[in-house]
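Architecture at a glance
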Amino acid sequence: PAARRAPPQLEQARKKEAARAAAAKVTVPVPMLTGRRRLTEHEETELSFLRAKHATRCRKGESEIRAEMAADAEHSRAPPAPSRPLLGDAETTRLQRLREFHGKLPEEHQPLRPRRTTAAAETRGTNATDHLEEIFTAVTAEIAEREGFLAEMRVAGRGAKHEAAITSEIAQRVQQLRLVDAKIKQREAEGGL
């Protein structure tokens, strides 16, 4: 019998009562906040700065500016003018030459070596000939050493591997000997005259 419906008037009355009860439950009194929230310390200092800034004048008057300019003019003086020209023509030319020769004038340069006298030149010639003969004997010894090495490599069976390099070195030394020999003969010819 629960499936049976109530008369329509009764159903409508029940629905109205349920709606009133639901409306009564949902309505909650909420306090309305009025006024401003409290400012933080940072916001308070910022606001006080802005108030102080707007409280003062933003522009100076013309008379104030002129008075400040006159006070500044009294305190600052212009540097004294030079009593003579800063650089004369001679000094300008000297500085141009210094720049041209990278900081050292040719007159100021001292020769790196003193000039040799004729006696010194004669001793130099004999010393040079001795030196050339020493080079000649040293190069001859190098050639002999390389020929000996090549002979050893041939006996060991590795002559083909080293032969091209060693023969080219020997050829270079022979060329050096020819040049040294030509210089020695030239010195002897100069000394004989």
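Along every chain, residues carry numbers that run from 1 in the direction the sequence is written. At least 70 in pLDDT is required for a residue's local features to be given in this predicted model, at least 80 for side-chain atom pairs to be given and counted, and no such filter applies to totals for whole chains, interfaces and linings, which use all residues. Note that water and hydrogens are dropped before the side-chain values are worked out from all heavy atoms of the structure.

Here's the deal with the overall build of the protein
- Secondary structure elements follow DSSP: runs of H or I no shorter than four residues count as helices, runs of E no shorter than two count as strands, and numbering proceeds from the N terminus. Scanning the protein from terminus to terminus reveals six helices and zero strands.
- When the elements of the protein are put in sequence order from the N terminus, they spell out α-α-α-α-α-α.
- Per-residue burial for the protein yields a buried fraction of 9% across its 193 residues.
- Accessibility throughout is a Shrake-Rupley quantity obtained with a 1.4 Å probe, and a residue counts as covered only by protein chains that appear here. Surface summary for the protein: the accessible area is close to 18100 Å², and the carbon and sulfur share equals 56%. Working definition: with a 1.4 Å probe on protein chains only, accessible area under 20% of the residue-type maximum means buried, over 50% means exposed, and in between means partly exposed.

Here's the deal with a nonpolar patch on the surface
- Nonpolar side chains collect at one region of the surface, where L86, L87 and L95 lie side by side and expose about 310 Å² of accessible area between them.
- Residue position: L86 is located in the loop between α3 (62–75) and α4 (89–100). The patches described consist of residues with a relative accessible area above 30% and no salt bridge, like charges being joined within 9 Å and nonpolar side chains (Val, Leu, Ile, Met, Phe, Trp, Tyr) within 5 Å. A side-chain nitrogen of Lys or Arg and a carboxyl oxygen of Asp or Glu constitute a salt bridge if their distance falls within 4 Å.

What to know about the pattern of salt bridges
- Taken as a whole, this structure holds six salt bridges when the rule is applied.
- Between E163 and R154 there is a salt bridge, and its shortest N-O distance comes to 2.9 Å.
- Note on R154: relative accessible area 47%, which makes it partly exposed.
- Here K185 ties to D181 by a salt bridge, and the two come within 3.5 Å at their closest N and O atoms. Highlighted residues: K185 and D181, both in helix α6 (residues 159–192), separated by four residues, approximately one helical turn.

Concerning the confidence of the model for the protein
- For the protein, the mean per-residue pLDDT works out to 81, and 84% of the residues sit at or above 70.
- The predictor's confidence in any single residue is recorded as pLDDT, a number from 0 to 100. Of all secondary-structure elements in the protein, the lowest mean pLDDT belongs to helix α5 (residues 118–156), at 81, while α4 reaches the highest, 88.

Looking at unusual backbone geometry
- The backbone phi angle of H102 is positive, close to 60°, even though this residue is not glycine.
- For H102, a relative accessible area of 75% puts it in the exposed group.

What about the side chain of R146?
- Turning to its location among the elements, R146 is positioned in helix α5.
- Those residues within four positions of R146 in sequence are excluded, and the remaining contacts are I166, E169, I170 and R173. The contact definition used throughout considers only heavy atoms, calling two residues in contact when any of these lie within 4.5 Å.

Section: a negative patch on the surface
- In this tally Asp and Glu are treated as negative and Lys and Arg as positive; neither His nor the chain ends contributes. In this description, the location of a charge corresponds to atom NZ of lysine, CZ of arginine, CG of aspartate or CD of glutamate. A cluster of like negative charges, contributed by D130, E133, E134 and E188, occupies part of the molecular surface.
- With respect to the secondary-structure elements, E188 resides in helix α6.

Quick word on the nonpolar core
- Nonpolar cores are built from buried Ala, Val, Leu, Ile, Met, Phe, Trp, Tyr and Cys residues. Side-chain atoms within 4.5 Å join them into one set. Among the nonpolar cores identified, the biggest contains six residues, and these are V139, I143, L150, I166, I170 and L177.
- At the level of elements, α5 and α6 are the ones that each hand at least two residues to this core.
- Leave out the neighbours within four places in its chain, and I170 touches I143, R146 and E147.

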